[in-house]
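Residue-level listing of the chains:
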Amino acid sequence: MSSWKNLLLKIGDNCPEYGNSDDLKDHIETCFGVIRRELEHSSDDVPHYIINCAEQIPHKIPLYGTLDALDSGNCDRIRILMRFLTVMPGSLVVVFETLLSSAATTVDEDKGNPSWQARADFYVTCILSCLPWGGAELIEQVPEEIERVMAGLEAYLSIRRHTSDTGLSFFEEDDESGKGLVEKDFLEDLWHRVQALSSNGWKLDSVPRPHLSFEAQLVSGKSHEFGPISCPEQPDVPTAVSGITHGKQKHDAELKYPQRIRRLNIFPASKSEVDMQPIDRFILEEYLLDVLLFFNGCRKECAFYMVNLPVPFRYEYLMAETIFSQLLLLPQPPFKPIYYTLVIMDLCKALPGAFPAVVAGAVRALFEKIADLDMECRIRFILWFSHHLSNFQFIWPWEEWAYVLDLPKWAPQRVFVQEVLEREVRLSYWDKVKQSIENAPALEELLPPKGGPNFKYSMEDGRERSEEHALSAELTNKVKGRQTAREIIVWVEESVYPIHGLGVTIKVVVQTLLDIGSKSFTHLITVLERYGQVISKICPDHDKQLMLIEEVSLFWKNNTQNAAISIDRMMGYRLISNLAIVRWVFSPENIDQFHTSDRPWEVLRNAVSKTYNRICDLRKEIISLKKGVTLAEEAAAKAKAELEAAESKLSLVDGEPVLGGNPARLSRLKLHAEKAKNEEISAKESLEAKEALFARAVEENEALYLSLYRNFSNVLMERLPDASRAGTLQDLKSTHADAMAVDLEEPSAMELDNENGRPKKSQSNGGSSGNVYNIGEKEQWCLSTLGYVKAFSRQYASEIWPHMEKLDAEVLSEDTHPLFRRAVYSGLHRPIN
């Protein structure tokens, strides 16, 4: 890297704001001298590189802004570059007013399209987020203009609609209590913090102000204005305005302009916001989120900058809250969860004396509230925690949580520990995980079964050899003898199915092939590729595929991971349909596990996700093919024009004028035109074929979601209390407590531990030994299932909205239980009424 670029990257690293002792003014002057010399040779490169640095190391914006001012001689890009431009107050006010005007028009009921308030809020957030960095300079240099902007901001806040986090809250209780409707939303909170900063004279210590050392040079320097900006046109209001069209546009807007953070208040403010003024929290969050954004491919650098931010206070607790808020952000985190796992791991290593204890505190705090944690967040928390422990030798004080064994088997804290241990076994091996809980040996009860395949025709345990055993052995020999799939199909059709029937045929073939493929994932793939046709032949429809899935589940009953992988791979090879998987998930055996195990849900998530990915891939391919068709049409038109131009020319042949150019050239042009036309036809045919596949995929998608929601509705209607007694989740939670109050003498059957038939001593979600866990099994089953309804609705909202009218008509009718409808609507972020 060039020395001047390296100097720019590291500007300020050794100064007091970053925990060292060098003089900041000397740093900037040194850098400025080098940059000014470099400008003589690379006048275009330097400004471009400074802007890149400002974009990708935003907490150093004051340094780069000062450097740029001395010389002046996407959503994140807009937000950060606006902050960078606070060194040019006159031009920035014009930008502010342009954005404010667009925002106010968007939320206007008559002139605008309030469905797109998310974009208007984004514009205003950009303005507000500039003020901590440049408010003092703006009020000093353009006081009247900035007062006008502040008045415009206040006016916008008064006409926009308060936004609710319903369906996007980390905790169910926040959704249920309507907390989001009462408290300030993110924009209102930011406005309150900026007002507090304004009242304090724009004084703050969390933003470095290196330009103050250069006031004389900056005042005498030349300033540059930039041209006007324009905002994109707002989407048209639908001609037929309905709840569905409004909701769909609102969803699209929020997808394009997502709220950057939802605060996860894990720790008390006395820990997370100590020695801060209100705006400091926002500034620190911006620093942290920007570092996470721009260093997402460089985990070591990310951790380095996160622990070296230019603030005068400690921020380990707020840093943990911010990272966890991103990991658990709904509907999707900005990056894959593995990224946050690596960042947390590197921060624990970078701050060994502080951060591990903070992370442990966050885990304990979230565990205390696990029963109220959103189901999607709960799954992410389980996956993160198990992975995190695997990077630190699985060390955790499990004895603190040993009391979960006294809770009912359906208690969320007990299920959490059980699922974490199961995921740990996947990342290591059973004996290692057992060793890690030696301080709480009783927790071994929650470990998954130790064992491999459950092969029905194994001879190792001395079982009596049956006719089915002989068939399995014969099939094994045929596979080892490398017989083709066609040969095995003939054997099945002639020697197995006619004699033993469908049930035995499916058992023998599926169990035997799975046993052959059980040694590794590669073995499984090889077996499915070579002999998938055999399975496809005997399981051509949903009923038979359901039997197939049941056999896979039985074979891997001791290994949840391999069961999920096998079913997923079979769906990938189109041996199993997504509708058959939905039917299997909602079979009685699995329904009974909805609140105590993630096993059926993992299979369902994989199936819906694979369907979703298929349709997304088809969309991308169609977009690419359309571009190809356009290019082919242009090439064919050009070739045709060249040929026609050549044919229209007069040339002399044997002294006589003849229409047409050089025969050899004409021949070449004709061939080129024909080839171009054929390529155009081929491109259009490919596009038509892909669009046909897409149309079929859309139909399959609709069938999948209708089947999924019908099944959810049916099982919930059978188990939910009457709507008059349970219209809210809080009513549902209190149903069992009310029943307990009526009859305290005998525990209900649902409260008995099915494994040993005796009542379990249960505790509250808080974990203190004296409290009782008051939610019964039936109520917990309903709560868990409703949580999954909301999670699926939210995760696949983009694909569900196009089918909303049909879902409303066929599934979410007036006689649907209000709790089920609320869960679906909440996941879609759709108003309940």
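Note that this is a predicted model, so its numbers are computed, not measured. (Residues numbered from 1 in each chain as written. Predicted model: local features only at pLDDT ≥ 70, side-chain atom pairs only at ≥ 80, totals over all residues. Heavy atoms only, no water.)

## Description of the overall build of the protein chain
The helix and strand inventory of the protein chain stands at 36 helices and 2 strands. For the protein chain, the proportion of its 833 residues judged to be buried stands at 50%. Accessible surface, the protein chain: about 38,800 Å² in total, of which carbon and sulfur atoms supply 51%. (Helix = DSSP H or I, 4+ residues; strand = E, 2+ residues; numbered from the N terminus. Buried < 20%, exposed > 50% of the residue type's maximum accessible area, 1.4 Å probe, protein only. Areas by Shrake-Rupley, 256 points an atom, 1.4 Å probe, with all protein chains shown as cover.)

## Considerations on the packing of aromatic side chains
Each aromatic ring pair is described using two quantities: the centre-to-centre distance and the angle formed by the ring planes. In this structure the tally under the stated criterion is 36 aromatic pairs. Measuring from centroid to centroid gives 5.3 Å for phenylalanine 335 and tyrosine 339, while their planes differ by 80°, and the two rings are edge-to-face. A centroid spacing of 6.1 Å and a plane angle of 10° characterise the contact between phenylalanine 381 and tryptophan 384, whose relative ring orientation is stacked. Of this pair, phenylalanine 381 and tryptophan 384 both sit in helix H20 (residues 375-390), 3 residues apart, which is roughly one turn of the helix. Residue tryptophan 384 is classed as buried on the basis of its relative accessible area of 2%. (Phe/Tyr/Trp six-rings, centres within 6.5 Å; stacked < 30°, edge-to-face > 60°.)

## Overview of the environment of proline 663
The topology assignment puts proline 663 in helix H31 (residues 663-719). Classification of proline 663 as exposed rests on a relative accessible area of 63%. Taking the C-alpha atoms as reference, proline 663 lies 9.6 Å from glutamate 647; in sequence the two are 16 residues apart.

## Examining the pattern of salt bridges
Under the criterion given, the structure shown has 49 salt bridges. Note that glutamate 445 and arginine 414 form a salt bridge whose closest N and O atoms lie 3.1 Å from each other. Here glutamate 445 is found in the loop between helix H22 (430-436) and helix H23 (467-480), whereas its partner arginine 414 is found in helix H21 (residues 412-427), with 31 residues between them in sequence. Look at glutamate 445 and you get partly exposed, because its relative accessible area is 44%. Judged by its relative accessible area of 4%, arginine 414 is buried. A single network of salt bridges, built from pairs that share partners, joins Asp189, Arg193, Arg263, Glu273, Arg281, Glu285 and Glu321. (Salt bridge = Lys/Arg side-chain N within 4 Å of Asp/Glu carboxyl O.)

## Re the packing of helix H28 (residues 578-585) against H31
When two helices pack together, their arrangement is captured by the angle between the axes and the distance separating the axes. One way to put it is that H28 packs onto H31 with a least axis distance of 10 Å and a crossing angle of 5°. What the angle tells us is that H28 and H31 run roughly parallel. Contacts between H28 and H31 pair Asn578, Leu579 and Val582 from the former with Ala703, Leu704, Ser707, Leu708 and Asn711 from the latter. (Axes fitted to C-alpha atoms, helices over the stretch in contact; angles between N-to-C directions. Parallel < 35°, antiparallel > 145°, perpendicular 65-115°, else oblique. Contact = heavy atoms within 4.5 Å.)

## Observations concerning unusual backbone geometry
The linkage connecting leucine 330 with the following residue, proline 331, adopts the cis geometry, with an omega of 5°. Although it is not a glycine, tryptophan 202 sits at a positive phi angle of roughly 60°. Relative to the assigned elements, tryptophan 202 resides in the loop between helix H11 (186-199) and helix H12 (215-220). Looking at tryptophan 202, the relative accessible area reads 8%, which means it is buried. The phi torsion at aspartate 275 lies on the positive side, around 60°, for a residue other than glycine. Counting through the fold element by element, aspartate 275 comes out in the loop between helix H14 (269-272) and helix H15 (278-294).

## Digging into helix H13 (residues 243-256)
Over its 14 residues, H13 runs 20 Å from end to end, which matches the ideal 20 Å to within 8%, given 1.5 Å per residue. Within the span of H13, buried status applies to Ile244, Gly247, Gln249, His251 and Ala253. Looking at the buried residues of H13, the elements they touch are helix H7 (117-141), helix H34 (797-800) and helix H35 (804-810). (Expected span 1.5 Å × (residues − 1).)

## Examining the environment of asparagine 562
On the secondary structure map, asparagine 562 appears in helix H27 (residues 560-572). Linking asparagine 562 and valine 552, residues 10 residues apart in sequence, is a C-alpha distance of 9.3 Å.

## Things to note about the environment of aspartate 236
Considering the arrangement of structural elements, one finds aspartate 236 in the loop between H12 and H13. The exposure class assigned to aspartate 236 is exposed, which follows from its relative accessible area of 66%. In this structure, the C-alpha to C-alpha distance between aspartate 236 and glutamine 249, residues 13 residues apart in sequence, is 9.9 Å. Apart from the residues lying within four places of it in its own chain, the contact partners of aspartate 236 are Asn113 and Gln249.

## A short note on the confidence of the model for the protein chain
This prediction gives the protein chain a mean pLDDT of 85; 81% of its residues lie at or above 70. In this model, residues 69-73 is a region of pLDDT below 50 whose contacts with residues beyond four sequence positions or in other chains number 13 contacts. Confidence drops under pLDDT 50 across residues 742-771; counting only partners more than four residues distant or on other chains, this segment forms 57 contacts. (pLDDT = per-residue confidence, 0-100.)

## Comments concerning the side chain of arginine 821
Structurally, the position occupied by arginine 821 is in helix H36 (residues 818-827). Within the buried set, arginine 821 has no salt-bridge partner at all; the shortest N-O distance to an opposite charge, 6.2 Å, is to aspartate 815. In this structure, arginine 821 is in contact with Leu812, Ser813, Glu814, Asp815 and Thr816, ignoring residues within four places of it in sequence. (Lys, Arg positive; Asp, Glu negative; His and termini not counted.)

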